[in-house]
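One-letter residues, chain by chain:
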Amino acid sequence: MTNIAHKLRVVDNRQLTSKTWMMVLEGEPGIITAPGQFVNLAVEGKFLRRPISVCGVDGRLITLLYDVVGDGTLEMSHWPVGYEADVLAPLGNGFDPSRAGDSPLLLGGGIGVAPLYQLARELVAEGKKPVVILGFNTASDVVWEEEFRQAGAEVYVATVDGSHGTRGFVTDVPACSDPARTYFYACGPLPMLRALCSGMAIDGELSLETRMACGFGVCMCCVVQTKEGPKGICKKGPVFRKEELIWK
């Protein structure tokens with residue numbers, strides 16, 4: 001499907017933690033075609049749209065998780081039920097579930113947990129046994145732990161301060177180094193993704209988080225270096241295979 005602008009109605013928009021919100025949009029089915037894609041939301045008074053990862057898809061409903069980090073996302077947090085959002089979708093290339101093997105590992109850091117949820121659901125539906133490791137700074141930041149578990153995944157949590165789950169990062173959870181894992185999918189801060197690329201013995205895919213302007217490859221402000229040359233994250237990504245990326 002070519003990315004086009006949609007008018008989607010807000011049916012839920014609630015605060016989950018001190019900084020993380022969940023928004024549910026309703027529109028025609030089939031807008032999102034792959035787990036790991038994102039949408040670009042127009043915010044009144046702002047020149048640039050806000051890129052937000054798609055967390056879940058249920059028929060006509062699209063669930064988004066987003067952190068309030070500036071004026072744009074703050075404005076989004078005030079959108080009431082019934083608000084008609086101007087949404088550009090679908091954007092980006094998503095994860096490839098066919099590479100998962102029988103026991104894939106899904107690793108999310110902070111708001112990077114969002115695009116992994118729909119992937120986990122699809123993997124479970126295919127008879128796979130995904131292991132999910134979610135990383136946060138502290139217990140009060142934890143989101144979507146039970147949702148992943150209810151989807152059928154085996155779930156672990158790491159917090160930097162040790163207030164919930166394993167103390168440390170996602171790489172400190174023993175399940176991360178289990179030789180039974182067949183493939184990995186990850187999304188989170190760049191230091192986390194860099195550590196996974198250098199430390200994981202298995203192949204995998206990474207969804208890169210970055211600032212984007214246009215969202216569909218015209219402005220070239222979100223370029224990443226790959227072995228095939230520079231690529232725009234919004235157009236060629238946000239998902240890249242581990243072996244494609246060059247880390248400086």
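Here, every reference points to the structure presented above.
From a predicted model like this one, the values you see are computed outputs, not experimental measurements.

Colleague: I tried to follow the overall build of the protein chain on my own but got confused; where do I start?
Modeller: Summing up its helical and strand segments, the protein chain has five helices and 15 strands in all. By the compact-globule yardstick of 18 Å for 248 residues, the protein chain fits well, its C-alpha radius of gyration being 17 Å. Its C-alpha atoms put the protein chain at 50 × 40 × 35 Å along the principal axes. Of all 248 residues assigned to the protein chain, the portion counted as buried reaches 50%. Carbon and sulfur atoms make up 51% of the accessible area of the protein chain, which amounts to about 11200 Å² in all.

Colleague: Explanation requested: the sheet that holds strand β5 (residues 61-67) in the structure shown.
Modeller: In a beta sheet, neighbouring strands are held together by backbone hydrogen bonds and run either parallel or antiparallel to one another. An order of β1-β2-β5-β4-β3-β6 is seen for the six strands of this closed barrel, with the pairing classed as antiparallel. Recorded for the sheet is a direction-independent mean angle of 45° between the axes of neighbouring strands. By the bridge criterion, four bridges tie strand β4 (residues 50-58) to β5 in an arrangement that is antiparallel. Its bridge partner lying in β5, Asp 58 is registered against Leu 61.

Colleague: Would you mind going over the packing of aromatic side chains with me for this structure?
Modeller: When we look at a pair of aromatic rings, we describe it by the centre distance and by the angle of the planes. The tally for this structure, following the rule as stated, stands at five aromatic pairs. With centroids separated by 5.4 Å and ring planes inclined at 90°, the aromatic side chains of Tyr 117 and Phe 148 adopt a geometry described as edge-to-face. A residue pair is termed long-range when its members are at least 10 positions apart, and Tyr 117 in helix α2 (residues 114-125) and Phe 148 in helix α3 (residues 145-150) qualify at 31 residues. Where Tyr 183 meets Tyr 185, the ring centres are 5.1 Å apart and the plane angle is 65°; that geometry is what we call edge-to-face. When sorted by exposure, Tyr 183 lands in the same class as Tyr 185, which is buried.

Colleague: For this particular structure, what's the right way to read the sheet that holds strand β9 (residues 154-159)?
Modeller: Read from one edge to the other, the open sheet built from seven strands follows the order β10-β9-β8-β7-β11-β12-β15, with strand pairing classed as mixed. The sheet is open, and its two edges are formed by β10 (166-167) and β15 (239-241), each paired on a single side. In this structure, β9 lies alongside β10, joined through two bridges in parallel fashion. What sits directly across from Thr 159, in β10, is Arg 167. Across the sheet, helix α4 (residues 190-199) lies against β7 (105-109), β11 (184-188) and β12 (204-208), angled at about 155° from β11, the strand it touches most.

Colleague: What should I look at first to understand the nonpolar core in this one?
Modeller: General note: in soluble globular proteins, nonpolar side chains tend to be found buried as a group. Within the largest apolar cluster, 28 residues are counted, with the highest numbers of intra-cluster contacts made by Leu 106, Leu 134, Trp 144, Phe 148 and Tyr 185. Of all the secondary-structure elements, those providing two or more residues to this core are β2 (20-26), α2, β8 (131-136) and β9. Of all the elements, α2 adds the most residues to this core, at six residues. Judged by nonpolar contacts, the second largest core, of 23 residues, contains Leu 105, Leu 196, Cys 197 and Ile 233.

Colleague: Help me understand empty space enclosed by the protein in this model?
Modeller: To locate leftover empty space, one rolls a probe as large as a water molecule over the atoms. The full count for this structure, using the stated rule, is one cavity of 30 Å³ or more. Looking at the largest cavity, the residues that line it are Gly 27, Glu 28, Pro 29, Gly 30, Ile 31, Ile 32, Val 57, Gly 59, Arg 60, Leu 61 and Ile 62. Tallied by class, the residues present in the lining of the largest cavity amount to six nonpolar, three polar and two charged.

The rules behind these values
Residues numbered from 1 in each chain as written. Predicted model: local features only at pLDDT ≥ 70, side-chain atom pairs only at ≥ 80, totals over all residues. Heavy atoms only, no water. Helix = DSSP H or I, 4+ residues; strand = E, 2+ residues; numbered from the N terminus. Rg over C-alpha atoms; globule rule 2.2 N^0.38 Å. Buried < 20%, exposed > 50% of the residue type's maximum accessible area, 1.4 Å probe, protein only. Areas by Shrake-Rupley, 256 points an atom, 1.4 Å probe, with all protein chains shown as cover. Pairing = 2+ DSSP bridges. Axes fitted to C-alpha atoms, helices over the stretch in contact; angles between N-to-C directions. Phe/Tyr/Trp six-rings, centres within 6.5 Å; stacked < 30°, edge-to-face > 60°. Contact = heavy atoms within 4.5 Å. Core = buried A, V, L, I, M, F, W, Y, C linked by side-chain atoms within 4.5 Å. 1 Å grid on protein atoms, 1.4 Å probe; cavity = no way out; pocket = protein on both sides within 12 Å on 5 of 7 lines; lining within 4 Å. Points joined across faces, edges and corners; volume = space filled by probe spheres on them. Nonpolar A, V, L, I, M, F, W, Y, C, P; charged D, E, K, R; others polar.

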